[in-house]
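Chains, contacts and geometry: an overview
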Amino acid sequence: MLPLDNIKIVDMTSRAPGPFCSMTLADLGADVLVVEAPTDPDTGGRSNDPAALERAAAYDPLRRNKRSIVLNLKMPEALGVFRQLAKEADVVMEGNRPGVAQRLSVDYETLKNDNPGLVYCSISGYGQEGPYRLLPGHDVNYISFGGALGVIGPADGTPSLPYNLLGDFAAGGILSAVAILSALWARQRTGQGQFIDMSMTDGALYLMAPVVAAYFSSGKTPEPGKMRLNGGAPEYQAYRCKDGKFVSLGCLEPKFWVNLCTELDRKKLIPRQGEWAVIAELQQVFSSRDRDDWFDLLCDKEVAIAKVLSTDELSSDPQLQNRGMLTDMAGPGGDIPHVGVGPRLTGTPGALRSVGVTPGSHTREVLQQLGYDDATIGRLYDSSTVA
């Protein structure tokens with residue numbers, strides 16, 4: 001048994017936030033059907049090499065545990081197919097700018113007439129309302145307006161781009177999954193679905209709640225590289241080692257800091273007088289040995305230390321191995337490595353059930369399940385209504 005067995009999700013999203021959200025729900029057992037638009041490879045779309053497409057899909061975690069149907073929603077018959085899918089769905093997801101779903105007649109107000117219990121999640125950069133609602137953007141823009149980028153980077157004030165983890169995957173993907181699960185739980189009590197208006201900018205600001213609270217409390221504007229948790233403290237810092245690799249310290253509690261200074265024979269640093277001077281001295285100390293040597297020396301001394309791993313080192317880390325966070329799935333040509341399921345439910349755990357599939361892999365199957373006969377399905381293919 002999987003925790004989200006029997007939950008049906010129709011996912012129209014295509015950019016990172018939506019697919020990451022539905023990946024999370026699919027890993028926990030939801031039946032996610034991805035509705036994809038037809039793309040002409042001659043216009044810079046998908047590859048026309050079936051083997052390359054299959055391999056790319058198998059390695060793509062955002063496609064795993066899902067099915068795929070290709071619908072041209074600009075065609076009336078395709079719209080009819082979609083509305084049948086939405087009528088039977090628990091959740092519909094879309095990730096366009098405001099107004100697009102309405103133009104395609106796949107918006108919440110249209111679909112809820114046939115399915116009052118529908119949970120409809122719209123993920124956009126700025127939400128459905130406000131002066132920026134139609135402004136194009138990506139992760140870097142949303143975390144800028146949400147205040148997160150303004151506190152990430154060195155003390156000279158130059159922002160450091162934190163990949164697209166904050167806006168897309170956290171503020172967009174994870175918070176949308178939380179919102180969807182919350183709406184499904186509310187439906188258990190009310191019998192009614194609802195519209196979810198997810199803004200990645202709102203989400204980025206939500207993640208910033210403690211930082212914003214500290215500002216309102218103290219009146220002091222947080223600055224990059226100068227706060228205790230963003231580079232301004234020696235006890236919470238990353239240090240380059242002799243081999244060019246890094247260790248990170250998280251010695252926020254006094255006992256961890258005292259243990260560190262004691263083991264490094266630097267008890268004079270315990271008072272942390274002149275923090276930039278302390279950082280400079282610790283940098284000199286750590287540059288005297290390789291990263292793994294420092295970790296081996298300090299990891300059993302009650303010091304909050306970690307190795308800053310590069311991606312190629314993840315699969316050999318014993319902690320990640322023990323937790324099963326890197327695993328193999330059967331795929332085309334052999335085993336395909338994947339990151340494991342993050343939420344660890346002990347009674348009804350999630351599972352990696354299938355690698356990602358190419359667009360349209362389940363079109364015929366889905367149409368048959370909806371009751372379309374072979375002649376009608378063939379006509380839909382011939383007219384490019386489906387693919």
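Look above for the structure.
Everything quoted here is computed from the prediction, not taken from an experiment. (Residues numbered from 1 in each chain as written. Predicted model: local features only at pLDDT ≥ 70, side-chain atom pairs only at ≥ 80, totals over all residues. Heavy atoms only, no water.)

1. Some remarks on the overall build of the protein chain
For the protein chain, the helix and strand inventory stands at 15 helices and eleven strands. Burial status across the protein chain gives 41% buried among its 387 residues. Residue pairs at least 24 apart in sequence account for 67% of intrachain contacts in the protein chain once pairs closer than 6 positions are excluded. (Helix = DSSP H or I, 4+ residues; strand = E, 2+ residues; numbered from the N terminus. Buried < 20%, exposed > 50% of the residue type's maximum accessible area, 1.4 Å probe, protein only. Contact = heavy atoms within 4.5 Å.)

2. Notes on the pattern of salt bridges
In this structure the tally under the stated criterion is 18 salt bridges. A salt bridge links Arg379 to Glu77; the nearest nitrogen and oxygen atoms lie 2.9 Å apart. Taken together, the residues Arg379 in helix H15 (residues 374–382) and Glu77 in helix H3 (residues 76–88) connect sequence positions 302 residues apart. Judged by relative accessible area, Arg379 falls into the partly exposed class, the value being 40%. A single network of salt bridges, built from pairs that share partners, joins Lys245, Arg291, Asp292, Lys307 and Glu313. (Salt bridge = Lys/Arg side-chain N within 4 Å of Asp/Glu carboxyl O.)

3. Comments concerning helix H1 (residues 17–27)
Every α-helix carries 3.6 residues per turn, so stepping three or four residues along brings you back to the same face. Burial analysis of H1 places eleven of its eleven residues in the buried class, the great majority of the element. Looking one or two residues beyond H1, the residue adopting positive phi is Gly29, at roughly 110°.

4. Brief notes about the state of the cysteines
Enumeration according to the criterion identifies zero disulfides in this entry. With no disulfide of its own, Cys21 has Cys121 as its nearest cysteine by sulfur position, at a separation of 5.8 Å. Just so you know, Cys241 is unpaired, no disulfide at all, and the nearest cysteine sulfur is the one on Cys251, 14 Å from it. Given a relative accessible area of 3%, Cys241 falls into the buried group. (Disulfide = S-S within 2.5 Å.)

5. Quick look at helix H8 (residues 200–207)
Turning to H8, its buried residues are Met200, Thr201, Gly203 and Ala204. The buried side chains of H8 occupy one side of the element, clustering within an arc of 160° when seen end-on. Exposed residues on H8 whose side chains face more than 90 degrees from its buried face are Asp202 and Tyr206. Considering only its buried residues, H8 is in contact with H1, strand E5 (119–124), helix H6 (139–145), helix H7 (165–190) and strand E6 (194–199). The residue sitting at the N-terminus of H8 and contributing the capping side-chain oxygen is Ser199; that oxygen lies 3.3 Å from the backbone nitrogen of Thr201. (Arc of directions from axis to C-beta. Polar contact = N/O pair within 3.5 Å; in protein donor to acceptor, adjacent residues only side chain to side chain.)

6. Comments concerning the sheet that holds E6
Strand order in this open sheet of six strands is E3-E2-E1-E4-E5-E6, and the pairing throughout is parallel. Lying at the two open borders of the sheet, with one neighbouring strand each, are strand E3 (66–70) and E6. Each neighbouring strand pair of the sheet contributes to a mean axis angle of 20°, computed without reference to strand direction. (Pairing = 2+ DSSP bridges. Axes fitted to C-alpha atoms, helices over the stretch in contact; angles between N-to-C directions.)

7. Quick word on the environment of Glu54
Within the secondary structure, Glu54 is located in helix H2 (residues 50–59). When the C-alpha atoms of Glu54 and Val355 are compared, they prove to be 9.8 Å apart, with 301 residues separating the residues in sequence. Other than its neighbours up to four places away in sequence, Glu54 contacts Pro332 and Thr358.

8. As for the nonpolar core
Membership of the largest hydrophobic core comes to 28 residues, with the highest contact counts inside it found for Met12, Leu71, Val81, Phe82, Val92 and Tyr120. Contributions of two or more residues to this core are made by strand E2 (31–36), H3, helix H5 (108–111), helix H14 (363–369) and H15. Considering each element in turn, this core owes the most residues, six residues, to H3. Those residues within four positions of Phe82 in sequence are excluded, and the remaining contacts are Val10, Met12, Val35, Leu71, Leu73, Val92, Val106 and Leu111. Counting residues in each nonpolar core, the second largest holds 27 residues, with Ile9, Val34, Cys121 and Met200 among its members. (Core = buried A, V, L, I, M, F, W, Y, C linked by side-chain atoms within 4.5 Å.)

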